[in-house]
Amino acid sequence: MIVQAREPRTVVVGTSGSGKTNTLHVAAAQLGLCFNNLTLTMDLNGGGIAQAWLRPWLDGRVEEPSIDWAAACREEALLMSHDLLAIGLERKTVYAQLQIDANSDKIPVSEKVPQVTAILDEGAELLSDSIRDPLTRVIRGNIEATARQCRAAAVTYLLSSLRSTQGSISTDLLALMHNRIWMAGGEEKEAQYLYDWPGKQIDIKELAGSGSGFVRRHNETRVHTWRAFRMTPADHIIPVSIAVSGMRPGWDAASLEVVGPWFATRHKRMRWIFSTPEQRDRLPRPEPVELPGIMGGKLGDEPVIWHPDQTHPAAKDKRAQIAVRPAPKAPVRGSEDAAASERKHLSLLQGGGWEDPAQIAARARAERQAAGASPMPQTAAASAGAVVHAVEQVAELPQPQTVMAAAGADLPEILQRVVRRLRTSAARHPQGLGRIHSEDLAAFVGVPDTRHLSHLLSQIGLNPVKNPIEVNGVRKRGYDLRDAEAVAAKIARGEQTVPEEVAAWPEEVADERAV
């Protein structure tokens, strides 16, 4: 069963224990393996859907999280939804010429201009018509506006809800959902409602229990039965996360022009929020953030400041029972609900700075080594025969194969770049082959020519394949991902030395993926 993810918006409905969250994990894996997609998550139930995906990054095993932005509370979800709407509206103007050149009414997504897909779990806490909390209503408004206006701009949501009723998801938003997935375990009348009463097409007795369900795809009237691939953290999610972190695209320049000042520190807040209270004792406190679209104070004209260290305190703060000053009421400007919600964790205090995430990751690696563990994992899951690795389609997750994991800071910078580029090539290839011509690899790595590239890589035992390789119909000398990962594995195990010339290249490395 192939489900399109570029044009249509998708909703997954399923009660507790139905396999709904597992289905979202499958979608996250498939979207993550697309070279032209960035994946984000929202889950106000403690960020549960993102926990396993972020674990390799939190442990210092990879330098970038596979989930670029994960919101585990309403405040972070507000920041994310604000930026996604701004990005979608900006892209419609900036990339208008791309649409004309492609002769399409949609922006052609690519590694340079990726689709942004936000996966929302437990959506009832945000999407119901009955919600009165002003902050949550702003989030819902942002999500609905993005769904209405930003599909062509490649900014979209994959939503989930416990039920398909109006009490869980607004009728206006449900009407925008083209792909509709219903998981076993709920009432048949709700499945009938979700699919506009298709009658005898639906019989819940046909389903095989948890993990199975119905799906109706965009521009189809038929309702299909299907079953999700079962993903577990250790066997699937964490290995796939490691593979994705080394090959996912970065943000496009136009998007970065319109995001809020909080965007640059999103990973710092993620590290704090997704750590345990005991781990936060060793982390620098996060910076306060002014929440967009929310005003407080007696007259409703003061900015409301969010302190992540108050909503997610460190263990020492809990032990000391630090009192948090009541915050001013936080109505939406002009809202009739001006006195409906009091946010006790919001205040106008000022906070301190942040430690560089790279230093945190390096310290985590050192702690792993001191404990006798490998500084980086030896295997990671990758696609084995997926139909396509682009965001236009999301296929069933195939059984994973083992390959070398993402390179960490213990590997020379040039090899990290080589592995990163070859993994992107593998994601684009129908059979998952990672190969690239020497000229293209030299340009990506940033060396003057293929001779210079060969000179550096040969010193660590990485050479072009013996015979010319075919890429896009052209046969030339080039490099293979399997060879690069084999060299990375030898270096990680201490079986391959890194000459000083290779280790020092370049003298000052600028992280071209920083945003």
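In what follows, the structure referred to is the one given above.
Being a predicted model, the structure only gives us computed values, none of them experimental. (Residues numbered from 1 in each chain as written. Predicted model: local features only at pLDDT ≥ 70, side-chain atom pairs only at ≥ 80, totals over all residues. Heavy atoms only, no water.)

S.K.: Help me out: how do you make sense of the packing of helix 3 (residues 74-94) against helix 6 (residues 134-149) in this one?
M.R.: Axis angle and axis distance: for two packed helices, these are the angle between their axes and the distance between the axes, and together they describe the pair. Two numbers describe how helix 3 lies on helix 6: the axes approach to 9 Å, and their chain directions differ by 25°. In this view, helix 3 runs roughly parallel relative to helix 6, as classed from their interaxial angle. As helix 3 runs across helix 6, the sense of the crossing is left-handed. Along the contact surface, helix 3 presents Arg-74, Glu-75, Ala-77, Leu-78, Ser-81, His-82, Leu-84, Leu-85, Leu-89 and Lys-92, while helix 6 presents Leu-135, Thr-136, Val-138, Ile-139, Asn-142, Ile-143, Ala-145, Thr-146 and Gln-149. Tallied by class, the residues present in the contact of helix 3 with helix 6 amount to 10 nonpolar, 6 polar and 3 charged. (Axes fitted to C-alpha atoms, helices over the stretch in contact; angles between N-to-C directions. Helix = DSSP H or I, 4+ residues; strand = E, 2+ residues; numbered from the N terminus. Parallel < 35°, antiparallel > 145°, perpendicular 65-115°, else oblique. Left-handed = near helix turned anticlockwise from the far one by under 90°. Contact = heavy atoms within 4.5 Å. Nonpolar A, V, L, I, M, F, W, Y, C, P; charged D, E, K, R; others polar.)

S.K.: Quick question: what am I supposed to make of the sheet that holds strand 8 (residues 212-216) here?
M.R.: Sheets are built from strands paired through backbone hydrogen bonds, the pairs being either parallel or antiparallel. Pairing within the open sheet is mixed, and its 8 strands lie in the order 4-3-5-6-2-7-8-9. A single partner strand is all that each edge strand has here, and the edge strands are strand 4 (69-71) and strand 9 (224-227). Sheet twist, expressed as the average angle between the axes of neighbouring strands with direction ignored, equals 20°. As defined by bridge partners, strand 2 (residues 10-13) adjoins strand 7 (residues 179-183) across 4 bridges and the pair is classed as parallel. When the bridges of strand 7 are listed, Val-12 appears paired with Ile-181. Sitting on the sheet, helix 2 (residues 48-58) touches strand 3 (37-43), strand 4 and strand 5 (115-121), and the angle it makes with strand 3 is about 130°. (Pairing = 2+ DSSP bridges.)

S.K.: Even after reading the chapter, I still don't get the pattern of salt bridges, so can you show me in this structure?
M.R.: Between side chains of opposite charge, a pair can form as their charged atoms come close. Going through the model one piece at a time under the given rule, you end up with 23 salt bridges. Asp-317 serves as the salt-bridge partner of Arg-285, at 2.7 Å between the closest nitrogen and oxygen. In this pair, Arg-285 sits in the loop between helix 12 (277-280) and strand 10 (289-296) while Asp-317 sits in helix 14 (residues 315-320), placing the two residues 32 residues apart along the sequence. We classify Asp-317 as buried; its relative accessible area is 11%. Residues Arg-475 and Glu-470 are paired through a salt bridge, measuring 4.0 Å at the closest nitrogen-oxygen approach. A relative accessible area of 52% means that Glu-470 is categorised as exposed. (Salt bridge = Lys/Arg side-chain N within 4 Å of Asp/Glu carboxyl O. Buried < 20%, exposed > 50% of the residue type's maximum accessible area, 1.4 Å probe, protein only.)

S.K.: For this particular structure, what's the right way to read the environment of Gly-260?
M.R.: Along the chain, the position of Gly-260 falls in the loop between helix 10 (253-258) and helix 11 (266-273). Taking C-alpha positions, Gly-260 is 7.9 Å from Leu-79, a pair spaced 181 residues apart along the chain.

S.K.: I tried to follow the packing of aromatic side chains on my own but got confused; where do I start?
M.R.: Any pair of aromatic rings gets described here by the distance separating the centres and the angle formed by the planes. Scanning all chains against the criterion turns up 3 aromatic pairs. Measuring from ring centre to ring centre gives 5.9 Å for Trp-182 and Phe-214, while their planes differ by 25°; the resulting arrangement is stacked. One end of the pair, Trp-182, is in strand 7; the other, Phe-214, is in strand 8, and 32 residues separate them in sequence. The two residues Trp-182 and Phe-214 agree in class, both being buried. Summarising the aromatic geometry, the rings of Trp-251 and Phe-263 are spaced 5.2 Å apart at their centres and angled 90° between planes, so their arrangement reads as edge-to-face. One end of the pair, Trp-251, is in the loop between helix 9 (233-245) and helix 10; the other, Phe-263, is in the loop between helix 10 and helix 11, with 12 residues separating them in the sequence. Three or more aromatic residues link up through ring pairs in this structure, and these residues are Trp-69, Trp-251 and Phe-263. (Phe/Tyr/Trp six-rings, centres within 6.5 Å; stacked < 30°, edge-to-face > 60°.)

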